[in-house]
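# Structure assessment
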Amino acid sequence: FVHCVLLPFIEKGHIFFVKILWIFYVEFVMMIAAKREREEVFCMEMKNREIREEICDVCHKLWQRGIVAANDGNVSVKLADGTFLCTPSGVSKSAMRPEMLVHLDGEGKVLSAAEGYKPSSEMKMHLRCYEKRLDVNAVVHAHPPIATSYASMGKALDGYQTMENVVNLGAVPVAPYAQPSTDE
């Protein structure tokens, strides 16, 4: 811009025109930057809306397939800005809607939630997963009947009794029992 537009005016000594053109140029650049920022915010809002809908779809499928019952289980997703969306406490996964999801910061503090909704009591566990595994962008905590049965017997899903799981998931160890929603 300086070489193509301003330089000829500078060479002729038309400083007044140079100042005016420079002002228009700066305003134009700022206008373009503001437009891009609005577009990025709009895209982020659309992306977050899509993520909310996908979380609800996962919740509905968990419930339809009997992997959770009533208010069991919870789902969370790490967003691009480092915040999280999670399912609220006390809501059946069959009834989950996008506006019910709770938005949290990296420490688990609520950034936004519809009135009457609070984050899942298991969000501490989710945050620990995100902290320990930087490659994890979503956590699904469910209670599949077979896995729950094995865990209640203290047996890991790591043998040939469940070959499909070993091939598809690898070994699923059993963690020692801890009181839900504690720091243990």
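Our subject is the structure that appears above.
The shown structure was predicted, so the numbers you read here are calculated from the model rather than taken from an experiment.

All right, on to the sheet that holds strand β1 (residues 74-78) then. The antiparallel open sheet is built from five strands, whose spatial order is β4-β3-β2-β1-β5. Each edge of the open sheet is held by one strand with a lone partner, namely β4 (110-112) and β5 (138-141). Neighbour-to-neighbour, the strand axes of the sheet open up by a mean angle of 25°, direction not taken into account. Note that strand β2 (residues 84-86) and strand β3 (residues 102-104) share three bridges and pair antiparallel. Opposite Cys 86, over in β3, you have Val 102 as the bridge partner.

To continue, consider helix α3 (residues 123-132). Among all positions of α3, only Met 123, His 126, Leu 127 and Tyr 130 are buried. Buried positions in α3, seen along its axis, are confined to an arc of 95° and lie on one side of it. Exposed side of α3, more than 90 degrees from the buried face: Glu 131 and Lys 132 are the residues found there. Elements that come into contact with the buried residues of α3 comprise β1, β2, β3 and β5.

All right, on to the nonpolar core then. With 15 residues, the main nonpolar core has Ile 51, Ile 55, Cys 59, Leu 62, Val 75, Leu 85 and Met 96 as its most contacted residues. Of all the secondary-structure elements, those providing two or more residues to this core are α2 (15-64) and β1. Per element, the largest residue contribution to this core is five residues, and it comes from α2. Contact partners of Val 75, with chain neighbours within four places excluded, come to Ile 55, Val 58, Cys 59, Leu 62, Leu 85, Cys 86, Thr 87, His 126, Val 139 and Val 140.

This part covers the state of the cysteines. Tallied over the full model, the rule gives zero disulfides. With no disulfide partner, Cys 59 has as its closest neighbouring cysteine sulfur the one in Cys 56, 6.0 Å distant.

Here His 141 lies in strand β5. Among the residues examined, His 141 registers a relative accessible area of 18% and is labelled buried. Of the polar contacts made by the side chain of His 141, one reaches the side chain of His 143; its length is 3.3 Å.

A few words now on the packing of aromatic side chains. Here the structure, examined in full by the defined rule, presents one aromatic pair. A ring pair is formed by Phe 84 and Tyr 130, whose centres lie 4.7 Å apart and whose planes are at 40°; its orientation type is tilted. Of this pair, Phe 84 sits in strand β2 while Tyr 130 sits in helix α3, placing them 46 residues apart in sequence.

Calculation criteria
- Residues numbered from 1 in each chain as written.
- Predicted model: local features only at pLDDT ≥ 70, side-chain atom pairs only at ≥ 80, totals over all residues.
- Heavy atoms only, no water.
- Pairing = 2+ DSSP bridges.
- Helix = DSSP H or I, 4+ residues; strand = E, 2+ residues; numbered from the N terminus.
- Axes fitted to C-alpha atoms, helices over the stretch in contact; angles between N-to-C directions.
- Buried < 20%, exposed > 50% of the residue type's maximum accessible area, 1.4 Å probe, protein only.
- Arc of directions from axis to C-beta.
- Contact = heavy atoms within 4.5 Å.
- Core = buried A, V, L, I, M, F, W, Y, C linked by side-chain atoms within 4.5 Å.
- Disulfide = S-S within 2.5 Å.
- Polar contact = N/O pair within 3.5 Å; in protein donor to acceptor, adjacent residues only side chain to side chain.
- Phe/Tyr/Trp six-rings, centres within 6.5 Å; stacked < 30°, edge-to-face > 60°.

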